[in-house]
Amino acid sequence: MPARVLTNTFHVDAAPEEVFEHLTTPESYIGLSPLVVAVRDVDRSEPGVVRYTSIERFRFLGLKYDNPIAVTLLTERTAERLSVRGQVDSPGGVRMGYRFDLSPEDGGTRVDDRLDLSAPWLVIGFAAGQARKVQLARARILAERLSGRSTRGS
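Residues numbered from 1 in each chain as written. Predicted model: local features only at pLDDT ≥ 70, side-chain atom pairs only at ≥ 80, totals over all residues. Heavy atoms only, no water.

A. Here's a closer look at the overall build of the protein chain. Tallying secondary structure elements over the protein chain gives three helices and seven strands in all. Mapped from its N terminus to its C terminus, the protein chain presents α and β elements in the order β-α-β-β-β-β-β-β-α-α. On C-alpha atoms alone, the protein chain measures out to a radius of gyration of 16 Å, which is about the 15 Å that the 2.2 N^0.38 rule sets for 154 residues. Here the C-alpha coordinates of the protein chain stretch approximately 45 × 30 × 30 Å along the principal axes. Within the protein chain, the proportion of its 154 residues that are buried is 44%. Of the accessible surface of the protein chain, which amounts to about 8300 Å², a share of 54% is contributed by carbon and sulfur atoms. Averaging the locations of the 21 positively and 20 negatively charged side chains of the protein chain gives two centres separated by 7 Å. (Helix = DSSP H or I, 4+ residues; strand = E, 2+ residues; numbered from the N terminus. Rg over C-alpha atoms; globule rule 2.2 N^0.38 Å. Buried < 20%, exposed > 50% of the residue type's maximum accessible area, 1.4 Å probe, protein only. Areas by Shrake-Rupley, 256 points an atom, 1.4 Å probe, with all protein chains shown as cover. Lys, Arg positive; Asp, Glu negative; His and termini not counted. Charge placed at Lys NZ, Arg CZ, Asp CG, Glu CD.)

B. Fine view of the pattern of salt bridges. A complete count under the given rule lists 14 salt bridges for this structure. The closest approach of N and O atoms between D66 and R57, which form a salt bridge, is 2.6 Å. A salt bridge links R114 to D116; the shortest N-O distance between them is 2.9 Å. (Salt bridge = Lys/Arg side-chain N within 4 Å of Asp/Glu carboxyl O.)

C. Main features of the packing of aromatic side chains. Evaluated as defined, the whole model comprises two aromatic pairs. With centroids separated by 6.3 Å and ring planes inclined at 50°, the aromatic side chains of F58 and F126 adopt a geometry described as tilted. Taken as a pair, F58 in strand β3 (residues 49–60) and F126 in helix α2 (residues 124–146) lie far apart in primary sequence, 68 residues in all. Residue F58 is classed as buried on the basis of its relative accessible area of 15%. A ring pair is formed by Y98 and F100, whose centres lie 6.0 Å apart and whose planes are at 55°; its orientation type is tilted. Here the two residues Y98 and F100 agree in accessibility, since each one is buried. (Phe/Tyr/Trp six-rings, centres within 6.5 Å; stacked < 30°, edge-to-face > 60°.)

D. Geometry of the nonpolar core. Core analysis: the largest hydrophobic core is formed by 37 residues, its most contacted members being V12, V19, L23, F100, L102, L117 and L142. Considering each element in turn, this core owes the most residues, nine residues, to α2. In this structure V19 touches V12, A14, L102, T109, V111, L142 and L146, once residues within four positions along its chain are discounted. (Core = buried A, V, L, I, M, F, W, Y, C linked by side-chain atoms within 4.5 Å. Contact = heavy atoms within 4.5 Å.)

E. Just the packing of helix α1 (residues 16–23) against α2, in detail. Two elements in contact, α1 and α2, have axes separated by 11 Å at closest approach and are oriented at 120°. Classified by the angle their axes make, α1 and α2 are oblique. Of the two possible hands of crossing, α1 and α2 adopt the one that is right-handed. Along the contact surface, α1 presents E18, V19, H22 and L23, while α2 presents L142, R145 and L146. (Axes fitted to C-alpha atoms, helices over the stretch in contact; angles between N-to-C directions. Parallel < 35°, antiparallel > 145°, perpendicular 65-115°, else oblique. Left-handed = near helix turned anticlockwise from the far one by under 90°.)

F. Structural view of the sheet that holds strand β6 (residues 94–105). Strand order in the open sheet formed by seven strands is β1-β7-β6-β5-β4-β3-β2, and the pairing between neighbours is antiparallel. Strand pairing shows two members of the sheet lacking a second neighbour, β1 (3–12) and β2 (36–43), which therefore form its edges. Averaged over all neighbouring strand pairs, the angle between strand axes comes to 20°, with direction disregarded. Along the sheet face, α2 touches β1, β3, β6 and β7 (108–118) and points at about 10° away from the line of β1. (Pairing = 2+ DSSP bridges.)

G. Local environment of α1. Among all positions in α1, only P16, V19, F20, H22 and L23 are buried. Along the long axis of α1, the arc covered by the buried residues comes to 165°, so they all point the same way. (Arc of directions from axis to C-beta.)

Structure follows, in structure tokens:
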């Protein structure tokens, strides 16, 4: 099955713990990912693991399609960084592993965002294009949401 790796590194003007908290809260992904319009069935019963269903809305050739996807978030803490990683399995054979590595940088957080995407050859180009758009938008939106939050005390 064809595969693509998409990476993006960016800075957020908030402490790594704040960024980590935001990225481990499923409801935060509504609007953080421009495709995500809803989150349901959140399960936090296992320590360090959050499972939920994310609803992604696609528009293609004037048609609207709501795509429910099973999401699993796994967290990792080391002395150097915080990490959030997971796997998304979408209908049509699209699979995406993702990882956010968070480390202190210039009074804020460096975010290394990596997506490992695989899909049938008929949809890999479309899936990779959509994933890249979301990845770049997510960086901008996350930075805007959390910018200066820790200095404002909110």
